[in-house]
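In case you want the letters, here they are:
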8 protein chains.
Amino acid sequence: NRRGIPEVVYAGGKQPVEIREIITGALNSSDSVLVSRIRADDLPDIMKFAGEAGLRTDEGRNSSSVLFFRNPPPEYPGKVGIICAGTSDIGIAEEARLMCRAMNCGSICSYDVGVAGMHRLFPVLKEMVAGDVDVIVAVAGMEGALATIVSSMVDLPVIGVPSSAGYGYGGDGIGALAAMLQSCTLGVSVVNIDNGIGAGAVAASICRRVRLRGGAEPSADPRP
Amino acid sequence: NRRGIPEVVYAGGKQPVEIREIITGALNSSDSVLVSRIRADDLPDIMKFAGEAGLRTDEGRNSSSVLFFRNPPPEYPGKVGIICAGTSDIGIAEEARLMCRAMNCGSICSYDVGVAGMHRLFPVLKEMVAGDVDVIVAVAGMEGALATIVSSMVDLPVIGVPSSAGYGYGGDGIGALAAMLQSCTLGVSVVNIDNGIGAGAVAASICRRVRLRGGAEPSADPRP
Amino acid sequence: NRRGIPEVVYAGGKQPVEIREIITGALNSSDSVLVSRIRADDLPDIMKFAGEAGLRTDEGRNSSSVLFFRNPPPEYPGKVGIICAGTSDIGIAEEARLMCRAMNCGSICSYDVGVAGMHRLFPVLKEMVAGDVDVIVAVAGMEGALATIVSSMVDLPVIGVPSSAGYGYGGDGIGALAAMLQSCTLGVSVVNIDNGIGAGAVAASICRRVRLRGGAEPSADPRP
Amino acid sequence: NRRGIPEVVYAGGKQPVEIREIITGALNSSDSVLVSRIRADDLPDIMKFAGEAGLRTDEGRNSSSVLFFRNPPPEYPGKVGIICAGTSDIGIAEEARLMCRAMNCGSICSYDVGVAGMHRLFPVLKEMVAGDVDVIVAVAGMEGALATIVSSMVDLPVIGVPSSAGYGYGGDGIGALAAMLQSCTLGVSVVNIDNGIGAGAVAASICRRVRLRGGAEPSADPRP
Amino acid sequence: NRRGIPEVVYAGGKQPVEIREIITGALNSSDSVLVSRIRADDLPDIMKFAGEAGLRTDEGRNSSSVLFFRNPPPEYPGKVGIICAGTSDIGIAEEARLMCRAMNCGSICSYDVGVAGMHRLFPVLKEMVAGDVDVIVAVAGMEGALATIVSSMVDLPVIGVPSSAGYGYGGDGIGALAAMLQSCTLGVSVVNIDNGIGAGAVAASICRRVRLRGGAEPSADPRP
Amino acid sequence: NRRGIPEVVYAGGKQPVEIREIITGALNSSDSVLVSRIRADDLPDIMKFAGEAGLRTDEGRNSSSVLFFRNPPPEYPGKVGIICAGTSDIGIAEEARLMCRAMNCGSICSYDVGVAGMHRLFPVLKEMVAGDVDVIVAVAGMEGALATIVSSMVDLPVIGVPSSAGYGYGGDGIGALAAMLQSCTLGVSVVNIDNGIGAGAVAASICRRVRLRGGAEPSADPRP
Amino acid sequence: NRRGIPEVVYAGGKQPVEIREIITGALNSSDSVLVSRIRADDLPDIMKFAGEAGLRTDEGRNSSSVLFFRNPPPEYPGKVGIICAGTSDIGIAEEARLMCRAMNCGSICSYDVGVAGMHRLFPVLKEMVAGDVDVIVAVAGMEGALATIVSSMVDLPVIGVPSSAGYGYGGDGIGALAAMLQSCTLGVSVVNIDNGIGAGAVAASICRRVRLRGGAEPSADPRP
Amino acid sequence: NRRGIPEVVYAGGKQPVEIREIITGALNSSDSVLVSRIRADDLPDIMKFAGEAGLRTDEGRNSSSVLFFRNPPPEYPGKVGIICAGTSDIGIAEEARLMCRAMNCGSICSYDVGVAGMHRLFPVLKEMVAGDVDVIVAVAGMEGALATIVSSMVDLPVIGVPSSAGYGYGGDGIGALAAMLQSCTLGVSVVNIDNGIGAGAVAASICRRVRLRGGAEPSADPRP
Ligand SMILES: Nc1ncnc2c1ncn2[C@@H]1O[C@H](COP(=O)(O)O)[C@@H](O)[C@H]1O
Ligand SMILES: Nc1ncnc2c1ncn2[C@@H]1O[C@H](COP(=O)(O)O)[C@@H](O)[C@H]1O
Ligand SMILES: Nc1ncnc2c1ncn2[C@@H]1O[C@H](COP(=O)(O)O)[C@@H](O)[C@H]1O
Ligand SMILES: Nc1ncnc2c1ncn2[C@@H]1O[C@H](COP(=O)(O)O)[C@@H](O)[C@H]1O
Ligand SMILES: [Mg+2]
Ligand SMILES: [Mg+2]
Ligand SMILES: [Mg+2]
Ligand SMILES: [Mg+2]
Ligand SMILES: [Mg+2]
Ligand SMILES: [Mg+2]
Ligand SMILES: [Mg+2]
Ligand SMILES: [Mg+2]
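Residues numbered from 1 in each chain as written. Chains lettered and ligands numbered in written order. Predicted model: local features only at pLDDT ≥ 70, side-chain atom pairs only at ≥ 80, totals over all residues. Heavy atoms only, no water.

1. Focus: the interface of chain D and chain B
Taken residue by residue, the interface counts five residues in chain D and 10 residues in chain B. Applying the counting rule to chain D against chain B returns zero salt bridges. Here chain D and chain B share two residue pairs in polar contact (both at pLDDT 80 or more) between them. Of the residues in the side of chain D that touches chain B, the class split is three nonpolar, two polar and no charged. (Contact = heavy atoms within 4.5 Å. Salt bridge = Lys/Arg side-chain N within 4 Å of Asp/Glu carboxyl O. Polar contact = N/O pair within 3.5 Å; in protein donor to acceptor, adjacent residues only side chain to side chain. Nonpolar A, V, L, I, M, F, W, Y, C, P; charged D, E, K, R; others polar.)

This is the structure we're talking about:
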């Protein structure tokens, strides 16, 4: 399918029957299809359909997103570190993981490394560097300091994902977005609030570039 | 003067002659007067006047605020730690220091401990705790993570002051304010953007309460 | 548990079964656990569980927060005054009270002292000063003038909590937050909208400092 | 001129020569003309012109507005109370006073009654009620509590004017506007930030209605 | 009751049983009580209770507000014109009417005079002027031009009420609020979005002043 | 030049020498070039250059925009009505007129028809309809009601241009933009604040379409 | 009916019975009535009523709007191109189509031409130009680039409709609105977020003008 | 110096003498120092100093940023494509180029490829892909569509930089930021408005990762 990026479907406002049809259609031309924001009530219906259709799935933990495929996408060299601060961020981090998987990247995930308990952050970053990740995705809501702190500790590109955790002034991800855009360290770029899928796509596209150039394969061509 | 708090004068929009008169008037009833936001062009004129009038002064570094007094305000027990992240925050931090001084509190100041160089933060906090500060004022612009990080490391009340350093989205202190209000650690309260004077007043009022209760002196009475 | 502050759990988006497990887990290492924003529908289930598990509770009035403990937390010297303006603010004020209780502070609470009936405010403040509170938490929505007025009347640190009462422009706490940050009296610091728990934590940390320094005990050490 | 309301000219962006012509023209059909927001540099030029043209003037104190007339506008029964909180609000309050004068209303003004010194407010309100004002204009920046407090103390319509005094979040009058619109007392209506002229016009139109109905004169007719 | 203004109760977030108790309590000290924002589901229950308790009611058309009283409030001289633009504004206009009634003012109401059909506006204003109203309340959402247009046509104070009708940018009353505050005619003051009750209170307080001064009765005294 | 639209140059931040070069270059390939936002200080220099270079010009009244051409652009059939409310809007209205002229459309302009004096609006609209305009451009700041009112009176497409006249809440064109987007009449579309050039371009493109289709000429072709 | 524009009814907040009555009433004086924002639950009820009443309908695909008529509105010369980017925009595009139909214009619609697949855009625009549309309506949410891109490719007036598709910062149509107002091509005007009906009305009024002037019929007269 | 990233100095608010000292100091420990936002008035002074001190410089075109070094930084394999839409964006694009240079990356720059002339974009992207860039930085103000369009055409990570070009609603980069965060293509991440330096740092860190992994060198280690 288009650009080595899986079909991504936004389930919001679609009926289960529509979603089922889109999944079937997409798998004709794509290796996998990632369906995001499935309503909790529709999920059982859709998972049942997938089972009956012989599809395999990877369900994002705490997430409303599911990756559907017939054969597990092969995992090529190149890994993404994915890190988040709190329970409410896990679903977004999982969207990034699923997107990486669909784009043939491995990932090392660690989902409980908030700023309030910063000592938990050191061993996690050590493990990611040892595991040779090419880029780190950092998901955080509230004050969003995580992206800045990770970037100050590791020599790698960091993609910040503000999550909508938090209420009051600066809530719904607005404060975290501002903080990440204002980051006083260099090396952080940002995707929109709760856009784990976008972060995964950027991270995987970096991995892919690393992989292709390492092997000197031709990698990109203009499209039109 | 009112409530053990020095007269505070906002110089913005006042002529030097008005400022001089206010200083003279204020020192009749107060031990000191803190003049903030003096225009750079007016400063020499006002300092000269102070010299001729036999006043002593404490000029805030990188700041447009000056404390005027005849006799140095006595320093009672109780200290405030004041910390800031970057060069542009020093003027605001100094406003807090001057306010503490005017309210008879000592202070331990450290003005170069940004999040991007977090290793510089540890010894600074150690020294403040050893120096027995009652409360820490943390001034930071841009992503404003400093207040959160300080609070996660020390068991003391922290007063965050967002500074207007930073441009673009979340600039002018808005992102730092949001981040401090969203702080995921408990123990942080906040004053308005660039309000170093307000932060100093809150910090000194905490010190004063500590001092008075330690010595069991009567301390507060309702006013009207 | 961490820093003499009880475990605080945000129930939003968690299932009753998860909440029950977190309570049980937290009480292994903490004296108490404060669960906030419990959905009304889940409350009976959770209270029943607490009863069966032999836990004691303090339910915030008009609030979705409950403090769970096995033995009532001891109350050390040091008190917090907690004041609010209208019926809709009581739940937030109660969060502050519960947090103080969990942090071993007493409190004097008065929940009906709006600005529209200012004469009710004087005796309340008199009682709090007589009761020797170290700090006052003022919760108010709509125009949020309460924090300013309290601070103009009493010589104590005041922590303003904007509440989300109010609709239209400046509603949802935004106007009250702005008013408190703009307060023309000195001595007010602020926590985020509806963040009664944060206000309680700051207030209790001030009380604790007063208590410790009064007795000259060592009180704070850097954490990392 | 139109509707018993004087010609009001916004000088911003106009050349002195244009302003002079407008003044002359307006006084052909109006008893007075109120010119607002005159640049400080243009003021001497314009006052000189007025003197030479035999015009009389009422200059607003601390204000960039001036009322021009050939004969002092007669003062009919009906008075407006005008009150403001700080030095920076005086210019706006004066705009209201000039507008009332041009619309033949008297006024009782008191310009130093901030919330931080609330005890100064009581005698001022007493005097206004004794002086039989029909309505009170309350100008305040920063936290804007003044309008609410005045309205809670007196049984009269109150017109709040948020002033642009104040910086940081809620600065430039935004916080005061929100607070006045959110006022928890009933009886307050609001004009835009720094719109002293609008407030004066509303207040004078109330006085005029009181005056006309007291004497049972016909007072208003639809225009088209 | 307080200040000749009826008790006003915000039903939002209150249980029917609480509301019933508040009504009963309020009518001990007040002639009437206005309950606003009653949930549609609770209304039958509360109306039934009122019937059984022998209370009389005035239900706002299209509104969630009801006025309760034992004896109809007497109507003194002085009338308010109340005008609105569209179907969705009627409920807010009715809140103003109920408040006027509770404060002993008559009203002349016209609820279908939008700007898109301006020709319907002329006869309505003619009737209001003929009926000798003292002040006009103009409720409008969307572009909020009604207040400006009314004020340009009639020599009376106008109180604008932005209503939350309208979606997209400037929706929820924000655009109407801005337009009313920016009104290029003089003589308009504003209350908050959807605050029909506040508008009624201001209008009635103007009527009351007209009535009292017409008869030279003493009218207002400072409260504390 | 491109698409029958003249070269349009934004002079902001360009040196006079650069502007002169751009004008010369543009007139090689275009019939005219419209230079907008020329700083007042640079204008004489640029007009002098134009004179010496034998260029003819059309200077926008009260505007910082000038149209340069060698031969007056021919005026084809099709006219635009251009209307504005106040003195401060004239410069923006003139930008629209210049753009129409450059795009070969005539215009009928009327620059003093504010809402506060609505009776002046009727004859103006009559004249425009009699003059057979195809579309009306309505420029207005502050409460921006003009676009709505014009559209309610005439059966033609109306293009609203919010102008940045106005201060305080909703100032700088924000309130006018909101009001025009919320317009309760159908038939209004909007360009950005102060974008007179954009409005002129849209209006002229409508005229052009009318002209071409009236004569059945082929008119538009896809570009790439 | 008014101005050759069909009655348009906003069903939000109206009961089915009210809607039915309004439809019946409107069809007495209008050829058609367009009912927008019908709640999904009410739709069957209303369609059944229409059938029983012998009405014919045109239901917007994916939309909550329905056009009701007795006889299909005649289609006069003049066509509108209607284009949208994603599934979620179709309902809004359909509102524009229905409005055009009610106003006697034909339309050429293409609903799957997002920016991410720009190659699909070329043939669509070719077809529209070949079909001789007078104006193009472009509906797009998220980053809203579609309007700009269409306008850069075709010599016709373009009306941008920001749709509320998209979440996070700039979501709910805010980013698309900003992008369309900022469009760097000339020839784009904008209606409010999700206001497909408004866009249709503007487009049809342009078509109508083209049609009338082509035939030299008199077309517009001032209304009052 | 720290992390292979040059010292970056924000000249805003610093005196020339301070800037000179910082440059000298930084070059003791760094290969180069990038000074941004130098005031136009200070530039000659600073360039003269550099010449006298034997420093070499790379001045950003149309920019207020200059890179200072003693020896030209070596250029390692790995290139960045840098693209911008209009004249006003060039200075920001140049900041990215200087940062890449300081971080040892080459760049291919093209500064005149706006969306309004999209045909100019194709050959530019072809050249960049042929030149084997690893990542593309796209700078655009106003409607910010460039980042989306580039990303839809090329299989490479794209870093969007909203520039502050543009006025009115969505001006100052706000609309471009929203549009880039809302980008409907996957593969775009964003830095703050006008933050060309940040974009360069992210791009160079991606290049560096590609370079290191291609050669299998160890690349990143956790820092504290
Ligand atoms: N959760 C998501 N966040 C951001 N973009 C998404 C998400 N899910 C799907 N998309 C994108 O949105 C578009 C889906 O549009 P649709 O045709 O409505 O399914 C596709 O271009 C997807 O790449
Ligand atoms: N820089 C400052 N920030 C916040 N408040 C200030 C500042 N300077 C003075 N104030 C307060 O503002 C008021 C001064 O008002 P004024 O009478 O205009 O000098 C006093 O209540 C001061 O406590
Ligand atoms: N719909 C309303 N809009 C504005 N203020 C209201 C409204 N209803 C009640 N109030 C005011 O809000 C306060 C009611 O607070 P409560 O104690 O929560 O009932 C009183 O001061 C009323 O005057
Ligand atoms: N979906 C819609 N978007 C914008 N305006 C609408 C919409 N539906 C109806 N209207 C307009 O809103 C008004 C309907 O008001 P109402 O009397 O409440 O039905 C009419 O002037 C319609 O032209
Ligand atoms: Mg890094
Ligand atoms: Mg702490
Ligand atoms: Mg105090
Ligand atoms: Mg009152
Ligand atoms: Mg009037
Ligand atoms: Mg029309
Ligand atoms: Mg075009
Ligand atoms: Mg791409």
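2. Thoughts on the sheet that holds strand E2 (residues 32–36) of chain A
Residues and elements named next belong to chain A. Within the open sheet, the four strands sit side by side as E1-E2-E4-E3. Their pairing is mixed. Lying at the two open borders of the sheet, with one neighbouring strand each, are strand E1 (7–10) and strand E3 (56–59). Taken pair by pair, the neighbouring strands of this sheet meet at an average axis angle of 20°, ignoring direction. (Pairing = 2+ DSSP bridges. Helix = DSSP H or I, 4+ residues; strand = E, 2+ residues; numbered from the N terminus. Axes fitted to C-alpha atoms, helices over the stretch in contact; angles between N-to-C directions.)

3. Quick notes on the relation of the copies chain B and chain C
When chain B is fitted onto chain C, the two copies agree to an RMSD of 0.1 Å after a turn of 180° and an axial shift of 0.0 Å. When the rotation and shift are considered jointly, the pair of chain copies conforms to a two-fold rotation axis. Identified as the residue of chain B closest to the rotation axis by C-alpha distance is Gly214 of chain B, at 1.8 Å. (Least-squares fit on C-alpha atoms with pLDDT ≥ 70 in both.)

4. Quick notes on the environment of Asp172 of chain E
Residue and element names in this part refer to chain E. Positionally, Asp172 belongs in the loop between strand E8 (158–162) and helix H6 (174–181). Since its relative accessible area comes to 56%, Asp172 is described here as exposed. As a C-alpha pair, Asp172 and Pro162 span 10 residues in sequence and 9.0 Å in three-dimensional space. Once residues within four sequence positions are removed from consideration, Asp172 is found in contact with Ser163, Ser164, Gly166 and Ile193. (Buried < 20%, exposed > 50% of the residue type's maximum accessible area, 1.4 Å probe, protein only.)

5. A few points about the site of ligand 2
Neighbouring ligand 2 are the residues Val8, Tyr10, Lys14, Ser36, Asn195 and Ile197 of chain B, Cys184 and Leu186 of chain C together with Thr87 and Tyr167 of chain D. The residues that come close to ligand 2 belong to more than one chain, namely chains B, C and D. Take Asn195 of chain B: an N or O atom from its side chain is 3.5 Å from a nitrogen atom of ligand 2. In the environment of ligand 2, a nitrogen atom lies 2.4 Å from a nitrogen or oxygen atom belonging to the side chain of Tyr167 of chain D. About the coverage of ligand 2: the protein hides 78% of its 500 Å² of free accessible area. Among the residues forming the shell around ligand 2, the class breakdown is six nonpolar, three polar and one charged. (Near = heavy atom within 4 Å. Areas by Shrake-Rupley, 256 points an atom, 1.4 Å probe, with all protein chains shown as cover.)

6. Points about the site of ligand 3
Contacts to ligand 3 come from Thr87 and Tyr167 of chain C, Cys184 and Leu186 of chain D together with Val8, Val9, Tyr10, Lys14, Ser36, Asn195 and Ile197 of chain E. At the site occupied by ligand 3, nearby residues are drawn from chains C, D and E. Contact distances for ligand 3 include 3.0 Å between an oxygen atom and a side-chain N or O atom of Lys14 of chain E. Here a nitrogen atom of ligand 3 sits 3.1 Å away from a polar atom, N or O, in the side chain of Ser36 of chain E. Burial of ligand 3 by the protein chains amounts to 79% of its free accessible area of 500 Å².

7. Examining the interface of chain B and chain C
Contact with chain B, which involves 45 residues of that partner, is made by 45 residues of chain C. Interface area, chain B with chain C, both sides summed: about 3,900 Å², of which 60% is carbon and sulfur. Considering only the side of chain B, the residues that lose the most area to chain C are Asp155, Leu186 and Arg209 of chain B, jointly responsible for 18% of the buried surface there. At the junction of chain B and chain C, the tally comes to eight salt bridges. The shortest N-O distance in the salt bridge between Arg209 of chain B and Asp132 of chain C comes to 3.2 Å. Between chain B and chain C we count 10 residue pairs in polar contact (both at pLDDT 80 or more) in total. Breaking the side of chain B that touches chain C down by element, the ones donating at least two residues are helix H4 (121–130), strand E7 (133–140), helix H5 (145–153), helix H6 (174–181), strand E9 (188–190) and helix H7 (196–214) of chain B. Take the side of chain B that touches chain C: its biggest share by element is 11 residues, from H7 of chain B. Its residues assigned to classes, the side of chain B that touches chain C comprises 24 nonpolar, 11 polar and 10 charged. (Buried area = accessible area lost by both parts, 1.4 Å probe.)

8. A word on the relation of the copies chain D and chain B
Least-squares fitting of chain D to chain B yields an RMSD of 0.0 Å, with the superposition described by an axial translation of 0.1 Å and a rotation of 90°. On the angle and the small slide along the axis, the relation comes out as a four-fold axis. When each C-alpha of chain D is compared by its distance to the rotation axis, Asp172 of chain D comes out closest, at 9.8 Å.

None of this, on its own, says anything about what the molecule does.
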